[in-house]
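Overview (structure and organization)
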Amino acid sequence: MSYFEIRGGAPLEGIVTISGAKNAGLGVIPAAILAGEACIIENLPYVSDVSCFGRILTQLGAKVSLEPNGVMTIDPSTINCLSATSNEVSSFRASYYLLGALLGRYGMVEIALPGGCDIGDRPIDQHIKGFEALGATVTIDEDNALIRAEAKRLVGCEVYLDMASVGATINIMLAATRAEGRTTIVNAAKEPYIVDIANFINMMGGSVRGAGTDEIKITGRQRLHGCTYAIIPDMMEAGTFMIAAAATGGNVVLNNVIPNHLDAISAKLLEGGALVEVDDDGRDFYVRVRADRRLRAVNIKTQYYPGFPTDLQQPMGALLTRAKGRSLLIEDIFEHRFKYMDELKRMGAQIVVNNRRAMIDGVEELCACDMRANDLRAGAALVIAALSAQGTSRVYGIKYIDRGYEHFEHKLRALGADITRAD
């Protein structure tokens, strides 16, 4: 079993280049099915979830190649199977985007019920609501853990989402891209990933307007074409390195970022006493984070974008274990995202969890110990805690980290971290 061995106590210093956004890439990859022609996707992170999605498309008959530099070529014209039921499909959450893509392109799809990190209940009822509104028949085979959708024709309509679900917004947008007429998604999610996927669809000849607002209008197109498209930088990876820099008392410059995507995390680091310098000349996009003293406690409530992202609640929780005073974390998105705090307590963190609220009293030092990650962002949080602790820690369960962070330990090592991967 692989693990990270981390000797903490050293500040992170230097320059790190942020990879492409995993969450955007996992929507763009299945969206390429809609074109029917070859697409080249650039700036993908070289992580296990991206590789897994490429293998799934290959199983469906598509021709897929992924280069180590993050360039994936997808030719969906050879797809000859509309049933994706392998273990890989059920192993991660984003596989459900095959529903919208294959339904939109072929009018039929069957996939294994998706899995992913255990961070709480993530129903797909809003996805199904959208597909049915477009004219599809959706059935769930609970005995075989399958979901099927089919439609002789998809017709544009208005879909009101009961909650601003990122996954449902993307999935409905994919299906509506090839539907007849106009579809309007009301109360749509506004995350940058949605804007990126909409831009990709438009590059293929689609018509998506309003992405990034709470109302998205999609005019269906019967024919799309291939294109070349570059994924936006990963705001979650950037936020993780910003937090790691502040937690270790470091000085780190992040290149290849979109600063306004990071406003929520920048605001909380500034409130805690870190220095955050943002590019202001519009040419070289970067963010610098410095922390030359122990930070102050802050209160955080996770919200949908542009609020504080749930994906950075866990890394921020690790930082707050050593902040002066008492911090309050409220997790309003996923109910199981405080599991990692049991590991932080073993390091000496003072934390009291009550349902979706965590009270953290900062301590002077954390003590190194062996820990186990139970999801992607929890893994990043434990690495940050280990980097800021005294002594040598081991972080197990790093298969989760590999799902979403490209060359994580290499980037940290380049910033001065004493971290190695071992078996």
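Position labels on residues start from 1 in each chain and follow its written sequence. With pLDDT at 70 or above as the cut-off, local features in this predicted model cover only qualifying residues; side-chain atom pairs require 80 or more to be listed or tallied, and sums for whole chains, interfaces and linings still use all residues. Side-chain metrics rest on all non-hydrogen atoms present in the structure, leaving aside hydrogens and water.

As for the layout of surface pockets
How we decide: Cavity means a closed set of points on a 1 Å grid over the protein atoms alone, one where a 1.4 Å probe fits but cannot get out, pocket means an open set with protein on both sides within 12 Å along at least 5 of 7 lines, and lining means a residue has an atom within 4 Å of a point. Grid points are joined across faces, edges and corners, and a volume is the space filled by probe spheres set on the points. Secondary structure elements are taken from DSSP: a helix is a run of H or I of four residues or more, a strand is a run of E of two residues or more, and numbering for both begins at the N terminus. Gly is put with the polar residues, along with every residue not named as nonpolar or charged; the nonpolar set is Ala, Val, Leu, Ile, Met, Phe, Trp, Tyr, Cys and Pro, and the charged set is Asp, Glu, Lys and Arg.
Approximately 280 Å³ is the volume found for the second largest pocket. Ala246, Ala247, Thr248, Gly249 and Arg322 are the residues nearest the centre of the second largest pocket, which is lined by 18 residues in total. Residue assignment for the lining of the second largest pocket shows that the elements contributing at least two residues are helix H7 (235-247) and helix H11 (376-388). When the residues that make up the lining of the second largest pocket are grouped by side-chain class, the tally is eight nonpolar, five polar and five charged.

What to know about unusual backbone geometry
Backbone torsion omega between Tyr305 and Pro306 reads 15 degrees, so that peptide bond is classified as cis. With respect to the helices and strands, Pro306 occurs in the loop between strand E18 (299-301) and helix H9 (313-320). The phi torsion at Ala145 lies on the positive side, around 55 degrees, for a residue other than glycine.

Let's talk about the packing of aromatic side chains
Applicable threshold: Between 30 and 60 degrees the pair is tilted, below 30 it is stacked and above 60 it is edge-to-face, where a pair is any two Phe, Tyr or Trp rings, Trp via its six-membered ring, whose centres lie within 6.5 Å. Burial classes: relative accessible area under 20% of the type maximum marks a residue as buried, over 50% as exposed, and values in between as partly exposed (1.4 Å probe, protein chains only).
A full pass over the atoms with the stated rule returns five aromatic pairs. Relative to Phe408, the ring of Phe241 has its centre 5.8 Å away and its plane inclined at 75 degrees; by these criteria the two rings are edge-to-face. Pair noted here: Phe241 is in helix H7 and Phe408 is in helix H13 (residues 408-414), with a separation of 167 residues, a long-range link. Owing to a relative accessible area of 1%, Phe241 belongs among the buried residues under this scheme. Of the aromatic side chains, those joined through ring pairs into one cluster are Phe241, Tyr405 and Phe408.

Considering the sheet that holds strand E3 (residues 39-42)
Stated precisely, the cut-off is as follows: Note: two strands are recorded as paired if DSSP finds a minimum of 2 bridges between them. Axis definition: a line fitted to C-alpha atoms, over the contacting stretch in the case of helices. Angles run 0 to 180 degrees between N-to-C directions. Residue contacts are defined here by distance: any two heavy atoms, one from each residue, within 4.5 Å place the two residues in contact.
The sheet built from four strands is open, its strands ordered E4-E5-E3-E14 with mixed pairing. The sheet is open, and its two borders are formed by strand E4 (63-66) and strand E14 (228-230), each paired with just one other strand. Each neighbouring strand pair of the sheet contributes to a mean axis angle of 15 degrees, computed without reference to strand direction. With three bridges connecting them, E3 and strand E5 (residues 72-75) associate as antiparallel partners. Paired with Cys39 across the two strands is Ile74, which belongs to E5. Helix H2 (residues 48-59) contacts E4 and E5 of the sheet and is inclined by roughly 160 degrees relative to E4.

Considerations on the side chain of Gln314
Mapped onto the elements of the fold, Gln314 is located in helix H9. Setting aside residues no more than four positions away along its own chain, Gln314 makes contact with Arg337, Tyr340, Asp375, Arg377, Ala378 and Ala381.

Notes on the pairing of strand E13 (residues 215-219)
Covered by surrounding structure in E13 are Ile216 and Ile218 only, the residues Glu215, Lys217 and Thr219 on the alternate face being uncovered. Where strand E11 (residues 182-186) meets E13, five bridges bridge the pair, whose relative direction is antiparallel. Following the sheet pairing, Val186 is matched in E13 by Glu215. In this structure, strand E12 (residues 207-209) lies alongside E13, joined through three bridges in antiparallel fashion. In the strand pairing of E13, Val208 is matched with Ile218. Hairpin connection between E12 and E13: a loop of five residues separates the two successive antiparallel strands, and Gly210 in this loop has a positive phi of roughly 90 degrees.

Side note on helix H1 (residues 22-31)
For H1, a buried count of nine out of 10 residues is recorded, marking the element as mostly surrounded by other parts of the structure. Among the residues of H1, Lys22, Ala24, Gly25, Leu26, Gly27, Val28, Ile29, Pro30 and Ala31 are the ones counted as buried.

A closer look at empty space enclosed by the protein
The tally for this structure, following the rule as stated, stands at one cavity of 30 Å³ or more. As for the largest cavity, its lining consists of Pro233, Asp234, Met235, Ala238, Val257, Ile258, His261 and Leu262. Looking at side-chain class alone, the lining of the largest cavity contains six nonpolar, one polar and one charged residues.

Side note on the packing of H1 against helix H3 (residues 97-106)
Short version of the rule: Roughly parallel means an angle under 35 degrees; roughly antiparallel means over 145; roughly perpendicular covers 65 to 115; every other angle is labelled oblique. Should the near helix be turned anticlockwise from the far one by less than a right angle, the crossing is left-handed, and should it be turned clockwise, the crossing is right-handed.
Taken N-terminus to C-terminus, the directions of H1 and H3 make an angle of 25 degrees; their axes are 9 Å apart at the nearest point. As far as their axial angle goes, H3 and H1 are roughly parallel. Of the two elements, H1 crosses H3, and the hand of that crossing is right-handed. Only Tyr97, Leu98 and Ala101 of H3 make contact with H1, whose side of the interface consists of Leu26, Gly27 and Pro30. Of the residues assigned to the contact of H1 with H3, the class counts are five nonpolar, one polar and no charged.

Remarks on the environment of Lys190
By the element assignment, Lys190 lies in the loop between E11 and helix H6 (192-203). The contacts of Lys190, once residues within four sequence positions are left out, are Gly212, Thr213, Asp214 and Tyr305.

Some remarks on the pattern of salt bridges
The test is simple: For this document, the term salt bridge refers to a Lys or Arg side-chain nitrogen within 4 Å of an Asp or Glu carboxyl oxygen.
Tallied over the full model, the rule gives 24 salt bridges. Among the salt bridges present, the one from Arg223 reaches Glu37, with a minimum N-O distance of 3.5 Å. Of this pair, Arg223 sits in the loop between E13 and E14 while Glu37 sits in the loop between H1 and E3, placing them 186 residues apart in sequence. Residue Arg223 is classed as exposed on the basis of its relative accessible area of 66%. One salt bridge connects Arg288 with Glu277, and the closest N-O pair in it is separated by 3.5 Å. Within this pair, whereas Arg288 is found in strand E17 (residues 286-290), its partner Glu277 is found in strand E16 (residues 275-278), the two being separated by 11 residues in sequence. Residue classification places Glu277 among the partly exposed residues on the basis of a relative accessible area of 35%. Where salt bridges share partners, they join Lys22, Asp49 and Arg403 into one cluster.

A look at the packing of helix H5 (residues 166-177) against H6
Viewed as axis vectors pointing N to C, H5 and H6 meet at an angle of 10 degrees, and their least axial separation amounts to 10 Å. Between H5 and H6, the angle is such that the two are roughly parallel. Contacts from Val166, Thr169, Ile170, Met173, Leu174 and Thr177 of H5 reach H6 at Ile194, Ile197, Ala198 and Ile201. Residues of the contact of H5 with H6, tallied by class, amount to eight nonpolar, two polar and no charged.

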